[in-house]
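Fold and geometry: a report
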Amino acid sequence: MTNKQLKNLKDRLWQGADQLRANSGLKSTEYATPILGLIFLRFAQSKYSQYEAGINAEYEKNKSSRAERPIHEIAIEKCGFYLPDEAKFDYLLNLPESVNLAEKTKTVMEEIEKYTTELADTLPKDVYYNINSEDDPLVLAKLFKVFKDIPTDVSLDIFGEIYEFFLGEFALAEGQGGGEFFTPSTVVRYMVEVLAPTDGEIFDPACGSGGMFVQTAHYIAQHAEKGNEINLRAYGVEKTGATVKLAKMNLVLNNIRGSITEANSYYRDPYDCFGRFNYVMENPPFNVDEVELDQVKPQPRFNTYGVPQNKTKKAKGDAKETVPNANYLWINLFATSLNDNGRAALVMANSASDAGHSEKDIRIKLIESGVISQMVTLPTNMFTSVTLPATLWFFNKAKPHEDEILFIDARNIFTQIDRAHRKFSDEQIKNLAIISRLYEGKTDEFTTLLDEYRAELTAAPETSDDEDIQPKLYWQEQINWLTSRFPEGKYVDVIGLCKAARLNGEDGIIDQDYSLNPGRYVGVVIEDDGMTEDEFKAEMRLLNVELTALNAEAQKLERTIADNLRSLVGGV
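As the structure is a prediction and not an experimental result, all values here were calculated from the model.

All right, on to the overall build of the chain then. Regarding its fold elements, the chain presents 20 helices and 11 strands. When contacts within the chain are restricted to residue pairs at least 6 apart in sequence, those whose partners lie at least 24 apart make up 72%. Accessible surface, the chain: about 28,600 Å² in total, of which carbon and sulfur atoms supply 47%.

Quick look at unusual backbone geometry now. The backbone of Asp-272 shows a phi angle near 50 degrees, a positive value even though the residue is not glycine. The class for Asp-272 is exposed, based on a relative accessible area of 56%.

What follows is about helix α9 (residues 185-195). Counting buried positions along α9 gives nine out of 11 residues, so the element sits mostly inside the fold. Looking only at α9, the buried set comprises Ser-185, Thr-186, Val-187, Val-188, Tyr-190, Met-191, Val-192, Val-194 and Leu-195. Positive backbone phi, approximately 50 degrees, marks Ala-196, located one or two places after α9.

Formed by 114 residues in total, the largest nonpolar core has its most connected members in Tyr-190, Ile-372, Trp-393, Phe-395 and Ile-435. Discounting residues that sit within four places of it in the chain, Tyr-190 has contacts with Gln-374, Val-376, Leu-392, Ile-408, Phe-424, Ile-429, Leu-432 and Ala-433. Counting residues in hydrophobic clusters, the runner-up holds 50 residues, among them Phe-40, Ile-74, Tyr-82 and Phe-144.

Residues of helix α3 (residues 71-79) that are buried include every one of Ile-74, Ala-75, Ile-76 and Cys-79, and no others. Turning to α3, the residues buried within the fold contact α2 (32-62), α5 (101-115), α11 (241-253) and β3 (257-262). The positive-phi residue at the C-terminal boundary of α3 is Gly-80, with phi of around 100 degrees.

Scanning the model with the defined rule gives 21 salt bridges in all. Between Asp-136 and Lys-142 there is a salt bridge; the shortest N-O distance is 2.7 Å. Notably, a salt bridge pairs Arg-189 with Asp-426, separated by 2.9 Å at the nearest N-O pair. One end of the pair, Arg-189, is in helix α9; the other, Asp-426, is in helix α16 (residues 426-439), and 237 residues separate them in sequence.

Structurally, the position occupied by Asn-100 is in the loop between α4 (89-93) and α5. A distance of 3.3 Å separates the side chain of Asn-100 from the backbone nitrogen of Ala-102, its partner in a polar contact.

With that settled, the discussion passes to a nonpolar patch on the surface. Side chains of Leu-557, Ile-561, Leu-565, Leu-568 and Val-569 sit close together on the surface and give an oily, nonpolar patch of about 530 Å² of accessible area. The topology assignment puts Val-569 in helix α20 (residues 533-571).

Let's shift gears to the packing of aromatic side chains. Applying the stated criterion across every chain yields a total of 21 aromatic pairs. For the pair Tyr-328 and Trp-393, a centre-to-centre distance of 6.1 Å together with 90 degrees between the ring planes defines the contact as edge-to-face. Remark: Trp-393 occurs in strand β7 (residues 390-396) and Tyr-328 occurs in helix α14 (residues 327-337); sequence separation between them is 65 residues. When its relative accessible area of 0% is taken as the criterion, Trp-393 is described as buried. By the ring-pair criterion, three or more aromatic residues cluster together here, those being Tyr-48, Phe-81, Tyr-82 and Tyr-115. Over the face of the ring belonging to Phe-89 we find Arg-42, whose NZ or CZ atom lies 5.8 Å from the ring centre. Geometry around Phe-414 places Arg-422 over its ring, the cationic atom sitting 3.8 Å from the centre.

This brings us to the sheet that holds β7. The strand order across the open sheet formed by nine strands is β3-β2-β1-β4-β5-β7-β6-β8-β11, and the pairing between neighbours is mixed. Of all the strands in the sheet, just β3 and β11 (498-502) have a single pairing partner and so form its edges. Ignoring strand direction, the axes of neighbouring strands in this sheet form an average angle of 15 degrees. With six bridges connecting them, strand β2 (residues 232-238) and β3 associate as parallel partners. Across the sheet, the residue bridging to Ala-234 is Gly-258, located in β3.

Procedures and definitions
- Residues numbered from 1 in each chain as written.
- Predicted model: local features only at pLDDT ≥ 70, side-chain atom pairs only at ≥ 80, totals over all residues.
- Heavy atoms only, no water.
- Helix = DSSP H or I, 4+ residues; strand = E, 2+ residues; numbered from the N terminus.
- Contact = heavy atoms within 4.5 Å.
- Areas by Shrake-Rupley, 256 points an atom, 1.4 Å probe, with all protein chains shown as cover.
- Buried < 20%, exposed > 50% of the residue type's maximum accessible area, 1.4 Å probe, protein only.
- Core = buried A, V, L, I, M, F, W, Y, C linked by side-chain atoms within 4.5 Å.
- Salt bridge = Lys/Arg side-chain N within 4 Å of Asp/Glu carboxyl O.
- Polar contact = N/O pair within 3.5 Å; in protein donor to acceptor, adjacent residues only side chain to side chain.
- Patch = residues over 30% accessible without salt bridge, like charges linked within 9 Å, V, L, I, M, F, W, Y side chains within 5 Å.
- Phe/Tyr/Trp six-rings, centres within 6.5 Å; stacked < 30°, edge-to-face > 60°.
- Lys NZ or Arg CZ within 6 Å of the ring centre and 35° of its normal.
- Pairing = 2+ DSSP bridges.
- Axes fitted to C-alpha atoms, helices over the stretch in contact; angles between N-to-C directions.

Taken by themselves, the reported measurements are silent on function.
Here's what the structure looks like:
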């Protein structure tokens, strides 16, 4: 989906919200639920249509034989859910105005849940009765029309994008409290590209709308051999009931097997996560400071590397002592949830990279254990609802360089969407991820990427309908970006971009006081002006002469202005 298509979709969402704001009895914080339900139906029909012919063919083939199976079982096996004709978006869209559309919509949601147990008690139902009003009994019908032509052939996490839209536009409490915010799909895609998952179990202990699972499944599908089934099982924990339902819809819509549990990951461990998972991905709430210390301190998933604690007890009276900051609880949870070959990617506030006191003690143990494989500083303004700078932490329990960490500073690599928002382009994701592949010694992937860009360059037209894009120049820039930094097709440290820092040695991690801030290691690019030392000195002397002359002229002008003002005042 292009930026233009996504903007058009969000315009339609806003149009739908306008219908609700003007004509329904819903509050703004309630708009998302019915609209997301209709979006689910729209995309469910599109997804089901891709499998419907095969589902029907298999059913008819074995009909009236000993091998006959109910059609819904075949559908769930092939598509992940069953969608009867009377449960399709178009069926509801084309009902006559005399039909009670709210009642029919509720019935459709119940029908879908009946056949897909993962969606039990998940889809919105009764809320549709509150949409129409006496003044306008067709608000729900108008909503269906708003969404009937939205593009459905998309690879991004569409539910996540829509959820992000509502968080930003309506400031829902789920997105504004406790440092919680939606992770943009391009950031998640970069995280997945670095992890390069294949199959197994993936865990997200603060899963939100399930976007990490969706992008992981997309990556595996794109890289799997043709005909191979995706062997991925997702396990998510989310403390907000409404968001749990959203994540369940997202998994079913993307045919991802798994489980989403409503719980608070600080206090409950529904999947017995210690040492279990192949992959862990998460964007947890930042800087939470009200987690009760007594409840987390005894848990191995939090205490293996140490528990963050205040230097002196702050609790007074009957109040329970809390951790000073929960960031390192999440970091601990990531490290301890991995199996012996597990890999993880975590979004975390920049401040955690240099945090002191008990958090520093934990960081030292993590670094010396060798589990941290990579740190990446993100550009600012990548997140819709916050400008808080963030860093990506990558863990690898089986990494080959135990006494070394790869640092990447990606602050200057982004595509500007509008004045306040940025993202990674597809090529920027590939270019950044290839640094990790080169570091791992996978030089063939670098060659493959270069060949891909060269093929695009050859096929690119000279001009484009978009005046801001020159296709051939664009692809040449991608080639130049790679070859200028890694001319031999092998990993090297690049000033201002990446540095493989060892634990010991000059300017090593210990020398930097165990900081995990990439800026401390990669350095800053100093542009070469092409001058010799003597030429530089001569140029500075010339500039000093010019500055002296300008200062003298400025003083002369000041005196002239002052004289003119005195003359004017005196004349009055």
